[in-house]
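Close look at the chain arrangement
Listed below are the residues making up each chain.
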Amino acid sequence: MKITRKIALTELQTLFYSPVAWLILIVFTFQAAMAFTDVFGGLVRSQDLNYSVSNITLNLFGGMRGLFTSVQGYLYLYIPLLTMSLMSRELGSGSIKLLYSSPVKNSQIILGKYLSMMIYGAIMIAILFVFVLWSACTVKDFDFPVALSGMLGLYLLICAYAAIGLFMSSLTSYQVVAAMGTLAVLAVLNFVSRFGQEYDFVREITYWLSIGGRAGESINGLICSEDVLYFVIVSWLFLSLSILRLKAIRQKARWQVSFSKYVVVFVLAMLMGYFSSRPTLMAFHDATRTKQRTLTENSQEIIKRAEGGLTMTVYVNALDNMMWNALPRNRKYDMERFSQYVRFKPEMKVKYVYYYKNPGDPNLARRYPGLDDARIVGQISKSADIDSTMFLPPEEIAKIIDLEPEKFRLTRLLERESGEKTFLRMFDDMMRYPGETEISAALKRMVMELPLVGFVTGHGERDISNEGDRGYFRFSSDKPFRYSLINQGFDFTEVRLDAPVPANVSVLVIADARTPFSPAERANLDEYIDRGGNLVILGDRRRQEVMNPLVERFGTRFLPGQLVKYVSEETPRVRPGLPLNNFPADFIQARVTPAGKDLSYIHEVMYTRRNVVTMPGCVALEYTTDKGFDVIPLLVSDTTDSWNELETTDFIDDTVRLNPAIGEVARSYPTALALTRQVNGKEQRVLIAGDADCLSNGEISIQRARVPAANYNLIMGSFFWMSDNEVPIDVRRPVPPDNELFMTGAGAKVGKWLLMGLFPLLLLASCLFIWIRRRGR
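Residues numbered from 1 in each chain as written. Predicted model: local features only at pLDDT ≥ 70, side-chain atom pairs only at ≥ 80, totals over all residues. Heavy atoms only, no water.

Digging into the overall build of the protein
When helices and strands are counted, the protein shows 28 helices and 19 strands. Projected onto its principal axes, the C-alpha positions of the protein cover 110 × 70 × 55 Å. Across the 777 residues in the protein, those meeting the buried criterion constitute 52%. For the protein, contacts bridging at least 24 residues in sequence account for 76% of all contacts bridging at least 6. (Helix = DSSP H or I, 4+ residues; strand = E, 2+ residues; numbered from the N terminus. Buried < 20%, exposed > 50% of the residue type's maximum accessible area, 1.4 Å probe, protein only. Contact = heavy atoms within 4.5 Å.)

A look at the pattern of salt bridges
Tallied over the full model, the rule gives 38 salt bridges. The salt bridge involving D38 is made with R65; its shortest N-O contact spans 2.8 Å. In this pair, D38 sits in helix α2 (residues 19-48) while R65 sits in the loop between α3 (56-61) and α4 (67-74), placing the two residues 27 residues apart along the sequence. On the basis of relative accessible area, D38 is assigned to the partly exposed category, the value being 43%. (Salt bridge = Lys/Arg side-chain N within 4 Å of Asp/Glu carboxyl O.)

Observations concerning the side chain of T57
Turning to its location among the elements, T57 is positioned in helix α3. Within polar-contact distance, the side chain of T57 engages the backbone nitrogen of D143 at 3.1 Å. When neighbours within four sequence positions are excluded, T57 is seen to be in contact with G62, F142, D143, V146 and D738. (Polar contact = N/O pair within 3.5 Å; in protein donor to acceptor, adjacent residues only side chain to side chain.)

Here we look at the sheet that holds strand β13 (residues 587-592)
The strand order across the open sheet built from 9 strands is β8-β7-β9-β10-β19-β18-β16-β13-β14, with neighbouring strands paired in mixed fashion. One side of each edge strand has no neighbouring strand; the edge strands of this open sheet are β8 (491-496) and β14 (612-616). Neighbour-to-neighbour, the strand axes of this sheet turn through a mean angle of 25°, independent of strand direction. As paired elements, strand β18 (residues 670-679) and strand β19 (residues 682-689) share 8 bridges and run antiparallel to each other. From the neighbouring strand, T676 faces β19, where its bridge partner is R685. Packed onto the sheet, helix α23 (residues 519-530) meets β9 (505-511), β10 (534-538), β18 and β19 and runs at close to 135° relative to β9. Against the sheet, helix α27 (residues 711-722) makes contact with β7 (452-457), β9, β10, β14, β16 (630-636), β18 and β19, and its axis sits at roughly 155° relative to β19, the strand it touches most. (Pairing = 2+ DSSP bridges. Axes fitted to C-alpha atoms, helices over the stretch in contact; angles between N-to-C directions.)

Details of the sheet that holds strand β5 (residues 411-416)
With mixed pairing, the 4 strands of this open sheet are ordered in space as β4-β3-β5-β6. This sheet does not close on itself; its edge strands, each paired only once, are β4 (349-355) and β6 (421-425). Adjacent strand axes in the sheet meet at a mean angle of 25° when their direction is disregarded. Two elements, β5 and β6, share 5 bridges in a ladder whose sense is antiparallel. Across the sheet, residue T411 finds its bridge partner in β6, namely R425. Packed onto the sheet, helix α21 (residues 436-447) meets β3 (310-317), β5 and β6 and runs at close to 170° relative to β6.

Here's the deal with the packing of α2 against α4
The N-to-C vectors of α2 and α4 enclose an angle of 140°; their axes lie 9 Å apart at closest approach. When the axis of α2 is compared with that of α4, the two are oblique. For the crossing formed where α2 meets α4, the hand is right-handed. Of the residues in α4, those touching α2 at F28, Q31, A32, A35 and F36 are L67, S70, V71 and Y74. Among the residues making up the contact of α2 with α4, the classes are represented as 7 nonpolar, 2 polar and no charged. (Parallel < 35°, antiparallel > 145°, perpendicular 65-115°, else oblique. Left-handed = near helix turned anticlockwise from the far one by under 90°. Nonpolar A, V, L, I, M, F, W, Y, C, P; charged D, E, K, R; others polar.)

Topic: helix α13 (residues 225-251)
Taking 1.5 Å as the rise per residue, α13 with 27 residues should run 39 Å; its terminal C-alpha atoms sit 38 Å apart, in good agreement. At the exit of α13 stands K252, carrying a positive phi of roughly 55°. (Expected span 1.5 Å × (residues − 1).)

Considering the packing of aromatic side chains
Any pair of aromatic rings gets described here by the distance separating the centres and the angle formed by the planes. In this structure the tally under the stated criterion is 26 aromatic pairs. When the centroid spacing of 6.4 Å and the interplanar angle of 15° are considered together, the rings of Y352 and Y354 count as stacked. An identical accessibility class is assigned to Y352 and Y354; each is buried. Pairing F455 with F475 gives two aromatic rings, centres 5.9 Å apart and planes at 65°, and the pair type is edge-to-face. Separated by 20 residues along the polypeptide, F455 in strand β7 and F475 in helix α22 (residues 473-477) bring together distant segments of the chain. For the residue pair F455 and F475, the accessibility class agrees, reading buried in each case. Every member of this aromatic cluster is reached through a ring pair, and the members are F36, F40, F61, F68, F131, F142, F144 and F759. (Phe/Tyr/Trp six-rings, centres within 6.5 Å; stacked < 30°, edge-to-face > 60°.)

What about the packing of α4 against helix α8 (residues 106-138)?
At a minimum axis separation of 12 Å, α4 and α8 run at an interaxial angle of 165°. One element, α4, and the other, α8, form an angle in the roughly antiparallel class. Read as a crossing pair, α4 and α8 show a hand that is right-handed. Every residue of α8 that contacts α4 at L67, F68 and V71 is listed here: L128, F131 and V132. A per-class count over the contact of α4 with α8 returns 6 nonpolar, no polar and no charged.

Looking at the nonpolar core
A general tendency of soluble globular proteins is for nonpolar side chains to be buried together. Counting residues in each nonpolar core, the largest one holds 93 residues, and the members touching the most others are L67, L128 and F131. In terms of residues, this core owes the most to one element, helix α9 (residues 144-169), which gives 15 residues. Discounting residues that sit within four places of it in the chain, L128 has contacts with F28, A32, L67, F68, V71 and L154. Core analysis: the next-biggest nonpolar cluster, separate from the first, contains 86 residues, Y354, F391, I439 and F720 among them. (Core = buried A, V, L, I, M, F, W, Y, C linked by side-chain atoms within 4.5 Å.)

Brief notes about helix α11 (residues 200-209)
Along α11, the residues that are buried comprise R203, T206, W208 and L209. Of the surrounding secondary structure, the elements contacted by the buried residues of α11 are α10 (175-191), α13, α14 (255-276) and α16 (331-336).

With respect to the pairing of β19
Among the 8 residues in β19, 6 count as buried, and that is most of the element. With 4 bridges connecting them, β10 and β19 associate as parallel partners. Looking at β19, one finds that I537 is bridged to I688.

A few points about the environment of G360
Mapped onto the elements of the fold, G360 is located in the loop between β4 and α18 (362-367). As for G360 and F408, which are separated by 48 residues in sequence, their C-alpha atoms are 9.3 Å apart.

Looking at the side chain of S149
Tracing the backbone shows S149 in helix α9. Only 2.7 Å separates the side chain of S149 from the backbone oxygen of S218, close enough to count as a polar contact. Contact partners of S149, with chain neighbours within four places excluded, come to S218, G221, L222, I223 and A287.

Thoughts on the state of the cysteines
Two cysteines joined by a covalent bond between their sulfur atoms form a disulfide. Counted according to the given criterion, the structure contains 0 disulfides. Here C224 stays free of any disulfide, with the sulfur of C159 as its closest cysteine sulfur at 18 Å. (Disulfide = S-S within 2.5 Å.)

Focus: the confidence of the model for the protein
Here the protein shows a mean pLDDT of 89. Residues at 70 or above account for 94%. Segment residues 647-657 is flagged for pLDDT under 50; beyond a separation of four residues in sequence, or across chains, it makes 30 contacts in the model. (pLDDT = per-residue confidence, 0-100.)

Some thoughts on the environment of F28
Looking at the element boundaries, F28 is found in helix α2. For the pair F28 and I127, spaced 99 residues apart in sequence, the C-alpha separation works out to 8.9 Å. Every residue in contact with F28, bar those within four places of it in the chain, is listed here: V71, Y74, L75, Y78, M124, I127 and L128.

Printed below as a string of structure tokens:
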């Protein structure tokens, strides 16, 4: 070890007595300062403009644009310039012969050279630590462990690069060739994950070998044993190859013998890499203060209940436009979406089944005129460079599973070894993949009984199978819609009140009934209410006569007429002759009340973000509190210039006028009420709203300019409250406390000049001092 230290010290002296090492440090410092001050200044500007800034530590150092992310992207440019001369200089000058003639082992030579690079890498990390200290002084509650995790990842990356560069330097006496060779090897290791992904065995090897983005997890606060061991194994691999290379030169061994030794070392490294990447052998440490890189406690509890084996089978239809996400070459990227679950369920097995079946897409006939399904699959396979024989024909997949209810889309079947099954779907939105809420809801469906929502039928109510604008298909059972009840953990059924409501119904929905209930139906409904069942009643205009008898026992009444919004002659319009914002006067935008936001965290989010619930043709509500229920106004009409229009019975436009003579009063009216009481030892929860359209397919699907509508959040929040906070799964995390910068824009400019100017100049002064002192000697 003493000889190794001396070699390392000698190498460091050689490095720092030349301008190359100093120049690299100065350029590295300037580039890092430029990246850091760019992100830091942006956050300061956002804060000065009164925008909220949060999770500042990760934004400064991780994420897409953070300092450590940027450094990881260009670090490969520096290391070859340092390592190119480590052994090439010895080989070119002939000094290697002096080393061979001295009592120095090959391993001591290589480890000494490598130790010098480790020390130089530590100096580079120390420079980055200056930016960490700067942030610690200017960021409230700075998350030090996250920054240290990122520094660890970058240091291990530098060490791996150094080992590769050292090996390439031992192959040639030309320094430029060594540098170019190092860049070539790093390029191969960056892109090797793209090769052989169609084959299972090759995929595992090439994906593990890839060095691209390997420090990304550490930079973002998650230390994974697989990544740490990857850097250790790669460093060991190239150091061992370097030692074998020196030994071959020293002993003048035949190339066959040397090559066989190289193969043995490589195979050993691959075996270690294989075992280190097995989920059951991996360990993790989430360095973030709020455990952002880990599943929430609710999701972890669900996984604990899913005892025994778990298999996820991915069914991929060649004629589905999502097929590309799960092709063999993309399997690793596909499974990364479930990495947090594999972490807590490492024994989970994954299978991929490929088939073809026309899902009824009219675009297929247009794109491939005159071709049957089999020939279309052949065309797609040819263009995608995949084997068409891997796709099972329709008759074969039908023998395995019935995918018609899933419309033959890309879907995943989760199956426990005890027999419970459920589907996990892809969605028609920008995210496509299921998130933690949807995955945990699917798992929870297999380990416990979930709430059953019953939709009352038989009186012209809104239909959960109706896909038209007035129907309730989208929010209840639309499988490609992320926020539908079926994807958020609810089961649903249709209920007729000519018989008692089934005991397993947790929530009963009565939406926009058009005909009165019979005495027997009223009796069955009353029996459900008396036993403490939760209830949702949605009225609408011109339904007061039918709906009021249902809500009067709650001390509530749907007022006659409907709500409209006052538009004066002086109100500016988008176009002359049209109402404000082109919306009719009966387009009510209801807001969550301060009391209503306490029902659930989702309602609180709506209140904080000032979201609205669009309720066209809404009916106002009035209530009393003498029926044994605690009443909370959940939604109110958006402004105090709305009133209950008693004379209008049809379309409302901007010609409506307030008529106080018949009792019309301009004020804010309740449009949704939340009622609670204690029944049979549990809290009964009732939601009454004056509009059934707010949950309809049309209102959920439409987006209007300058209207921050969040009707789907009303659905999620209300049914979360109705299910006693069971589903949708609560995946909230604590808010990171590092949400404030102790600096203004002027201070950020001064800091920019200090970090980008003074800091590199100090390094330059150190370089000049050492150079002048050495010349003096």
